[in-house]
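Here is how the chains run, residue by residue.
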Amino acid sequence: MGRYKIMNRKIGMICSVINITAVICFALSMLIGNNFISYFSSMFIAFSFVPMMCAYAYFSEQKRKLAGYVSSAFAAMYAVIILLVYFAQVTTVRLGNLTQQTSKILDFQQFGLFFSYDLLGYSLMALSTFFAGLTVKAKTKKDKWLKRLLLVHGIFFFSCLIVPVLGIFEADSKNWIGIVLLEFWCIYFLPISILSYLHFLKIREIN
């Protein structure tokens, strides 16, 4: 049984490291203006985020399990939407000869339907981190910071959900505004990934 506990802890740690790497790649790709790397790294943020949230659920106390399960469910919904959006960008949009109307729908850069889906995905991610924060029993200073960051990240749910409804971003919107907002998100989320790794690192057994 102890061997499986170690394996589960390693899954949380490894996925946290992948998440850290993907967030850094995402931030750098936006600075150099490489959309392919940006989309590809976003997919790996999703790939690693789901098992990372599942690890929070697995290692939580019994009385906090429901919050962990809710976090995992929202993480899965986030990943499905995000992977559909970005897989379309690195395949159909990048390789296809799309009509103007189809491009307006599928091309993330034109702030159409798939851009709105993207923000919906990140609103679900915010809900996932909020419920993950409820599972953390903060005893150390690092875990207290982790819990705060996870809970406060939940606020992004409202902004990501409302922005597409209000139609703030349009095809002729300035790209630098979106880049600044996403870089801010990277700066905020990176400590969550790092502290998640440290959180799983110190776990020795199921509470």
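These remarks concern the structure in this document. (Residues numbered from 1 in each chain as written. Predicted model: local features only at pLDDT ≥ 70, side-chain atom pairs only at ≥ 80, totals over all residues. Heavy atoms only, no water.)

### Comments concerning the overall build of the protein
Phase 1: Along its length, the protein carries eight helices and zero strands.
Phase 2: Starting at the N terminus and ending at the C terminus, the protein contains elements arranged as α-α-α-α-α-α-α-α.
Phase 3: What you see for the protein is a C-alpha radius of gyration of 18 Å, in line with the 17 Å of a compact globule of 207 residues.
Phase 4: Expressed as lengths along the three principal axes of its C-alpha atoms, the size of the protein is roughly 55 × 30 × 25 Å.
Phase 5: Expressed as a percentage of contacts within the protein between residues at least 6 apart in sequence, the contacts between residues at least 24 apart total 75%.
Phase 6: With the model as given, the accessible surface of the protein reaches about 11100 Å², and the carbon-plus-sulfur share is 71%. (Helix = DSSP H or I, 4+ residues; strand = E, 2+ residues; numbered from the N terminus. Rg over C-alpha atoms; globule rule 2.2 N^0.38 Å. Contact = heavy atoms within 4.5 Å. Areas by Shrake-Rupley, 256 points an atom, 1.4 Å probe, with all protein chains shown as cover.)

### Things to note about the environment of lysine 137
Phase 1: With respect to the helices and strands, lysine 137 occurs in the loop between α5 (113–135) and α6 (141–153).
Phase 2: Polar side-chain contacts of lysine 137 include one of 2.9 Å to the side chain of glutamate 61. (Polar contact = N/O pair within 3.5 Å; in protein donor to acceptor, adjacent residues only side chain to side chain.)

### Focus on the packing of α5 against helix α7 (residues 156–166)
Phase 1: As a packed pair, α5 and α7 sit with axes 7 Å apart at the nearest point and diverge in direction by 165 degrees. Viewed along their axes, α5 and α7 adopt a mutual orientation that is roughly antiparallel. As for how α5 packs across α7, the hand of that crossing is left-handed. Every residue of α7 that contacts α5 at Ser116, Leu119, Leu120, Tyr122, Ser123, Ala126 and Leu127 is listed here: Phe156, Phe157, Cys160, Leu161, Val163 and Pro164.
Phase 2: In terms of residue class, the contact of α5 with α7 is built from 11 nonpolar, two polar and no charged. (Axes fitted to C-alpha atoms, helices over the stretch in contact; angles between N-to-C directions. Parallel < 35°, antiparallel > 145°, perpendicular 65-115°, else oblique. Left-handed = near helix turned anticlockwise from the far one by under 90°. Nonpolar A, V, L, I, M, F, W, Y, C, P; charged D, E, K, R; others polar.)

### A word on the environment of valine 50
Phase 1: Inspection of the secondary structure puts valine 50 in helix α2 (residues 35–58).
Phase 2: Separated by 44 residues in the primary sequence, valine 50 and isoleucine 6 have C-alpha atoms spaced 19 Å apart.
Phase 3: Residues in contact with valine 50, not counting those within four places in the same chain, are Ala75, Ala76 and Ala79.

### Considering the packing of helix α3 (residues 65–95) against α5
Phase 1: Here α3 crosses α5 at 155 degrees, and the two axes come no closer than 8 Å. As far as their axial angle goes, α5 and α3 are roughly antiparallel. For the crossing formed where α3 meets α5, the hand is left-handed.

### A word on unusual backbone geometry
Phase 1: Positive phi, close to 55 degrees, is recorded for phenylalanine 111, a residue that is not glycine.
Phase 2: When you line up the elements, phenylalanine 111 lands in the loop between α4 (100–106) and α5.
Phase 3: The exposure class of phenylalanine 111 is buried, given its relative accessible area of 17%. (Buried < 20%, exposed > 50% of the residue type's maximum accessible area, 1.4 Å probe, protein only.)

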